[in-house]
Amino acid sequence: MRKALYIFVSILLLYPLSSCSVEDLTFVAEDIVTESDMVDNPDQLTFVHLSDTHRSSISLDPALYYLNHTPTRFGLLTGDVTATDQMLEAIRESEKPMLLIPGNHDAYPYYEYSVGQYGFRTRVLNYIGQGERVIFANNQDNYWYQDYQKNGHTLRVIGIDQYEFESVQEDPNSLNCVYSQEQIDWFINLLEQSASCNGIIIAIHAGFGNRYVWNRDTSVTNDFISIYAKDYDNSYDFQGLDIIKVIPDIINAYQTGVNLTAQEYRNTTHDDKLTVTTHFDGPHHNFIAYFGGHTHWDMVEHLTPYPQQLQALIAYGGDGTGSKYNDLIKNTSNKNSYNFNVNVIDFNKRQLRIIRKGANVKVDGTTRDSIVISY
């Protein structure tokens, strides 16, 4: 492990962190990679998840280090990257893929450092070489999929773009999700071809609990739900109208075989509508979870209207807490400065284990260590 520590310090010296000094993190390597992290179970597939870096490498660099020094297959960075050139170069040089999707701060033009919907493809995804690591739907948009095989098991990873306001010529000022008909049709067609996969995960930015559509069940608590969530007013994601339901409704049809027929969903506050018809031959039981961020605080829960659908939203990956609803104690040095999740899928047991790396002490003194959920 001393060798690993030496390697980590050397890497940090090659590309200094944008948010903290090398001295702040030189003693973190042994916490990032333990002996148990090096065990490669043939029936388990591991990936890293972080979100909402907001121009900060403070969580990205430890996540990339873990990715490249363990049997982990890939990483997910689920939006609001607002990446610096330094961050993009680190991702580009990674030995293993760190897969990206856009968030609202990446796509909407009035946010500082936003590159826009199309700019995210040309200036971010193309630059880091993501086209060599995933299968894009087309040459200009940001949604994609990729399959990973392990010991006869196949995991399908699907990346969704929730901010297609340029494609559909919508006004982004409403801060809502915007989907094109083309992406939804692609998504349905991809699911129709996914029945033979042993698992499906979907990378999103914003989660699916919305006061305009349904309320969270705030009586449900676990170690990976922010302790502030119990009495929160259910407005933790700001997507409006019924467009928020289109992805969960399609997954529900896929899982149950109860298909949608010419179901309409509105984009933002305008008359632009999506029409959804599915022909799934379900039921299918290989959907595992959505992975996202946006809230800036941890939220691992099943959707209230869809008890078979799990979402795992991870807290802010930048400097500090990032939100008054983030219950983690964070500071600018040692393991409390960063946070990412290690996700272990056990295909035989049909279980997802989520393990917290970095900041794990909550404001009430309890810790956020790991959780196991069956699918």
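Our subject is the structure that appears above.
Residues numbered from 1 in each chain as written. Predicted model: local features only at pLDDT ≥ 70, side-chain atom pairs only at ≥ 80, totals over all residues. Heavy atoms only, no water.

Caption draft 1: Here's a closer look at helix α9 (residues 246-256). With 9 of 11 residues buried, α9 lies mostly within the body of the structure. Of the positions making up α9, those classed as buried are Val 246, Ile 247, Pro 248, Asp 249, Ile 250, Ile 251, Ala 253, Tyr 254 and Gln 255. In the stretch just after α9, Gly 257 is the one whose phi turns positive, near 80°. (Buried < 20%, exposed > 50% of the residue type's maximum accessible area, 1.4 Å probe, protein only. Helix = DSSP H or I, 4+ residues; strand = E, 2+ residues; numbered from the N terminus.)

Caption draft 2: Structural context of the pairing of strand β14 (residues 351-358). By the criterion of burial, β14 is predominantly enclosed, with 6 of the 8 residues buried. Sheet topology places strand β13 (residues 339-346) next to β14; 8 bridges connect them, and they run antiparallel. Residue Asp 346 lies in a different strand from β14, and its bridge partner there is Gln 351. Taking the residues between adjacent antiparallel strands as the criterion, β13 and β14 are bridged by 4 residues, where Arg 350 takes a positive phi near 55°. Here 5 bridges tie β14 to strand β15 (residues 370-374), and the two strands are oriented antiparallel to one another. (Pairing = 2+ DSSP bridges.)

Caption draft 3: Structural view of the environment of Arg 123. Among the secondary structure elements, Arg 123 is positioned in helix α7 (residues 117-125). Residue Arg 123 is classed as exposed on the basis of its relative accessible area, which comes to 55%. Sequence separation of Arg 123 and Leu 88 is 35 residues, and the distance between their C-alpha atoms is 9.6 Å. If we ignore the near neighbours within four places in the chain, the residues touching Arg 123 are Leu 88 and Val 115. (Contact = heavy atoms within 4.5 Å.)

Caption draft 4: Summary view of the sheet that holds β14. The strand order β3-β2-β1-β13-β14-β15 describes an open sheet built from 6 strands, whose pairing is mixed. Since the sheet does not close on itself, it has two edges, and those belong to β3 (98-101) and β15, each with one partner. Ignoring which end each strand starts from, the neighbouring axes of this sheet average 25° apart. Relative to β13, strand β1 (residues 44-50) is paired through 6 bridges, and the arrangement is antiparallel. Counted as the bridge partner of Thr 46 is Val 344 from β13. (Axes fitted to C-alpha atoms, helices over the stretch in contact; angles between N-to-C directions.)

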